[in-house]
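Examination of the molecular architecture
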Amino acid sequence: MKELVPRIRKIVKRYRWFLLIIAVLGIAFYFALPDKIFNDPYSTVLEDKNGNLLSASIAADGQWRFPLVHQVPDKFSQALIHAEDKRFYSHLGVDVLALARAVRQNSKAGKVISGGSTLSMQVIRLSRKNKPRTVFQKIIEIILATRLEFRYSKNEILALYATHAPFGGNVIGLEAACWRFFGRNPSEISWSEAALLAVLPNNPSLIHLGKNRARLKFKRDKLLDQLASAGKMDATTLQLAKDEPIPESPIALPREAPHLLARVIKEGNSQQKIRTTIDFNLQQRVSQIINQHHQRLKANQVFNAAAIILEVKTGNVLAYVGNTASGKENNEDVDVVSAPRSTGSILKPFLYAAMLNEGKMLPGTLWQDVPTFINGYSPKNFSKEFEGAVPANAALIRSLNVPAVHELRIYRYEKFYDLLKNVGLTTLSQPADHYGLTLVLGGAEGSLWDITGAFASMARTLNNYFERPGKDRYSKKDFHAARYVINPEQQELPREESSWLTAASIYTTFDVLKEVYRPGEGSGWKYFSSAKKIAWKTGTSFGFRDGWAVGVNPDYAVGVWVGNADGEGRPGLTGTEAAAPILFDVFSLLPGNSWFGLPLSEMEKIAVCQNSGHRATVLCESPDTVLVPRMGLVTPPCPYHKKIFLTSDRKFRVHSGCEAIARMREESWFVLPPIQEFYFKQKNISYKPLPPLRSDCSNASAMVSMDLIYPKPSAKVFVPYELDGTKGNALFEATHRNPKATLFWHIDGQFFAATTRSHKLPIRLDDGVHTLLIVDDVGESLTREFTIISSRNSSTK
């Protein structure tokens, strides 16, 4: 060993320059190939869940160049190797025999007719952008091709070639060529098509399908004969392959879900191939439905519509139609699915479920529907009419605004704001105080993506309740956004005792929303024929700018939006009239007709007053037994049934101060507050007003007989000036249980007027604070303070 070391040193010293050169050449060879061989831009490619092409964007350099192919189809690789590089699997990047043959052929022809390049060398030439075909460039290709073989496997080299080989015009790569020439995936091409694609890249004169078709067919058939001779196909297959025609011209690429493609690019996934959750056939059929309805809607100058289908179990998007094909002049490029729009009434089911969830009402609890003024805000129903009092479930079905605002006052808009964020709304960019009570009436913006996802999450929470035995049946992770990319990892979600909404509150809400009769928002009640049970809700934004319809069953959630992308409103543009028909047409495409399971373990049967929807008291006649969420047990009992005493003929109310007890008749009476009664009895002819007190009986009870409809307590009344410069009147209105009562109006201590039957009074007053006193003909009184503000006064402040 000791003798060996000096000998090695001697050899190194003698050949040090040679070894240095070898080392330098080795280092140069190692670094000769750049880390990234190709720097070309790629198309962004969108595939459906089965790998079918949905749509693609052209690359930045104007080429149809799909991202790197990871697996080359066997037919194409066999055809390519037989056409270009028969010893591909046995050489290290250079085929010496092929080079020698090329030199001989070129010398004989006196020009370059054969390059003798292997597929590895062709990959290098493609990456170097087709440098001149000189001896020097050929040497560089040989060196780099050898280095390529050390870095990549044979299959990877085939993939690089298949991705970057030119196929004519602006078609680059095997995948783009298969879709442009044959309209199918590379894995589905025939032997004839594989042979055609194999001979195209190195035959520039044949690269246009519309020219030299006879020569192209000859080349293809020659290669097919070689493949048959190599045992790749039998005689019958060979003949069938030769009989296949040459495509005449390129085929347009599919253009399904173009708005989803734009979204993918916008979200940072450009130049990639994205395998989505979209179902190609369903996508096509929903697009057809949207465009069919577009023909109807555009007659009313409504040009845009969108629809989305979600799978409830996963949240996967099965169809994504972002807009109509209405032309660029009508903003067809706007992706309405992701665009924030005024929500109208579409969020009311979340408030309804939240109220049930916290035991703040029962499904049919009566809510007031009367003129309402809250800190200068006065909500109105779509019909501009009032019902007096409406059950909560009927108010939800009829999408009444005033009851919803009173529900939100009880629930608190700050809590509702947090709930909406928790269930998936991402568009609430302002603090809760910015929206206030308008949050439930379209004061906030939401996207079709978020809202449909939130409905799907409610259904998912209800479904999963039955999948998780034991105490912890919930996971707040069930409330998640929709997904358009396949997620193969199905992680076990953390279990909890509760979620944002309980299964019972969700089921009860959905049960209300499955009614197929809906008000036509100006056109009367409308019946939607459906063979499926669907929980669905519509919404219409202020000014007829947005029409919404969202529906859900245990398997699917469907969202539809209709309107103009530029925000222009149109008469008749409502959720019921414009969006709901699309919703039901889309649901007709979907399989199954199941309904949600009943979460009995979270529900209780209780006695409920027929008239008020509250928990029944002993005064309620013939109460109903209703299954309600368990938290309904803490709701207050019926406040509307009163014990009253009547004369024997039931015409007058009396009390012990004016009638003998033996002659009084005791009854339970359903009594609404005066303002609610005023409107309620106009819509409900079965309502029995409270009988008046007998004239000789004072109002000894605490029951109020009259109320002011306007002004409300501490109201600021704005009074404009007329065109002639005179100050206008303020119109005050009161109501009394006794339709024959006379009311005496006093302002600031002075008698002003008396009214009978209709208690509307125009009053002209100076600016400032005033006190109104109203006394009826039996001595009951009502006092209210208000402030008059004129237009001139307000304009100078």
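Residues numbered from 1 in each chain as written. Predicted model: local features only at pLDDT ≥ 70, side-chain atom pairs only at ≥ 80, totals over all residues. Heavy atoms only, no water.

Concerning the overall build of the chain
Operational definition: Helical segments are the DSSP runs of H or I of at least four residues, strand segments are the runs of E of at least two, and each set is numbered from the N terminus. Any two residues whose heavy atoms approach within 4.5 Å are treated as being in contact. Accessible surface area values rest on a Shrake-Rupley calculation with a 1.4 Å probe, where residue burial reflects the displayed protein chains alone.
Check the secondary structure of the chain and you find 23 helices and 28 strands. Partitioning the contacts of the chain with sequence separation of at least 6, the portion at a separation of at least 24 is 66%. By element, 53% of the accessible surface of the chain is carried by carbon and sulfur atoms, the whole surface being about 37,900 Å².

Notes on the packing of aromatic side chains
To be explicit about the condition: Between the rings of Phe, Tyr and Trp (Trp by its six-membered ring), a pair exists once the centres lie within 6.5 Å; its type follows the angle of the planes, with under 30 degrees stacked, over 60 edge-to-face, and the other angles tilted. We count a charge as sitting over a ring when the NZ of a lysine or the CZ of an arginine lies within 6 Å of the ring centre and within 35 degrees of the ring normal.
Applying the stated rule across the entire model yields 20 aromatic pairs. Note on F382 and F544: the rings are 5.8 Å apart at their centroids and 90° apart in plane angle, and the pair reads as edge-to-face. Of this pair, F382 sits in the loop between β9 (366–369) and β10 (388–391) while F544 sits in the loop between β14 (535–540) and β15 (546–552), and the two are 162 residues apart along the sequence. Between Y710 and F732 the ring centres are 6.4 Å apart and the planes differ by 70°, which places this aromatic pair in the edge-to-face class. Residue Y710 is located in strand β21 (residues 706–710), and its partner F732 is located in strand β23 (residues 730–736); the two are separated by 22 residues in the primary sequence. Across the ring face of F88, the terminal group of K154 is positioned such that the distance to the ring centre comes to 4.6 Å. Cation over ring: K476 sits above W500, and NZ or CZ is 4.3 Å from the ring centre.

Let's talk about the nonpolar core
Put simply, the rule is: Among the buried residues, those of types Ala, Val, Leu, Ile, Met, Phe, Trp, Tyr and Cys that are joined through side-chain atoms within 4.5 Å form a nonpolar core. Three labels apply to residues, based on accessible area from a 1.4 Å probe with only protein chains included: buried if under 20% of the type maximum, exposed if over 50%, partly exposed otherwise in between.
With 80 residues, the main nonpolar core has V317, F350, F416, L439 and F510 as its most contacted residues. Residue contributions to this core peak at 10 residues, all from helix α19 (residues 448–465). The contact partners of F416, leaving out residues within four places of it in the chain, are L347, F350, L351, L408, Y411, L439 and V440. Ranked by size, the runner-up nonpolar core spans 57 residues in total, among them I37, F66, Y161 and L216.

Comments concerning the sheet that holds strand β26 (residues 760–763)
For clarity, the cut-off: Strands were regarded as paired on the criterion that DSSP finds at least two bridges between them. Whenever a helix is involved, its axis is fitted only over the stretch in contact; in every case the axis is a line through C-alpha atoms, and angles between N-to-C directions fall within 0 to 180 degrees.
Strand order in this open sheet of three strands is β21-β23-β26, and the pairing throughout is antiparallel. Looking at the sheet topology across the chains shown, the edges are occupied by β21 and β26. Each neighbouring strand pair of the sheet contributes to a mean axis angle of 25°, computed without reference to strand direction. Bridge analysis of β21 against β23 gives four bridges, and the strand direction is antiparallel. Its bridge partner being in β23, Y710 is matched across the sheet by E733.

Regarding unusual backbone geometry
Put simply, Y710 and P711 share a cis peptide bond, and its omega is 10°. Structurally, the position occupied by P711 is in the loop between β21 and β22 (715–719). Even without a glycine there, the phi angle at N331 is positive, about 60°. Turning to its location among the elements, N331 is positioned in the loop between β7 (317–321) and β8 (341–342). Look at N331 and you get partly exposed, because its relative accessible area is 27%. Despite not being glycine, F544 shows a phi value in the positive range, around 55°.

A word on helix α21 (residues 575–587)
By the criterion of burial, α21 is predominantly enclosed, with 11 of the 13 residues buried. Those residues of α21 not exposed but buried are G575, T576, A578, A579, A580, P581, I582, L583, F584, V586 and F587.

Examining the pattern of salt bridges
Quick note on the threshold: When a carboxyl oxygen of Asp or Glu is within 4 Å of a side-chain nitrogen of Lys or Arg, the pair counts as a salt bridge.
Counted by the stated rule, this structure contains 31 salt bridges. Residue E659 is joined to R694 by a salt bridge in which the shortest nitrogen-to-oxygen separation is 2.7 Å. Here R694 lies in the loop between α22 (674–683) and β21 and E659 lies in the loop between β19 (641–646) and β20 (665–670), a separation of 35 residues in the sequence. Look at E659 and you get buried, because its relative accessible area is 10%.

Let's talk about the environment of P258
By secondary structure assignment, the location of P258 is in helix α12 (residues 258–266). Residues P258 and S55, 203 residues apart in the sequence, show an inter-C-alpha distance of 6.4 Å.

With respect to the sheet that holds strand β2 (residues 53–57)
Hydrogen bonds between backbone atoms are what pair the strands of a sheet, whose relative direction is either parallel or antiparallel. Strand order in the open sheet formed by three strands is β2-β1-β5, and the pairing between neighbours is mixed. The sheet is open, and its two edges are formed by β2 and β5 (273–275), each paired on a single side. The mean inter-strand angle of the sheet, taken between neighbouring strand axes irrespective of direction, is 15°. Both strand β1 (residues 44–47) and β2 contribute to a ladder of four bridges, which runs antiparallel.

Things to note about helix α17 (residues 413–423)
Formally: Directions pointing from the helix axis toward each C-beta atom define the arc.
Within α17 the residues assigned to the buried category are Y413, F416, Y417, L419, L420 and V423. One side of α17 holds all its buried residues, which, seen down the axis, span an arc of 165°. Along its buried surface, α17 packs onto α14 (348–357), α16 (401–411), α18 (432–435) and α19. One or two positions beyond α17, positive phi appears at G424, with a value near 130°.

Some points on the side chain of E733
Convention followed: Charged-residue counts in this description rest on Lys and Arg as positive and Asp and Glu as negative, His and the chain ends being excluded.
Take E733: it is sitting in strand β23. One buried charged side chain, E733, makes no salt bridge at all; its nearest oppositely charged neighbour is K760, positioned 4.2 Å away. What E733 contacts, discounting residues up to four positions off in sequence, is F678, L708, I709, Y710, W745, H759 and K760.

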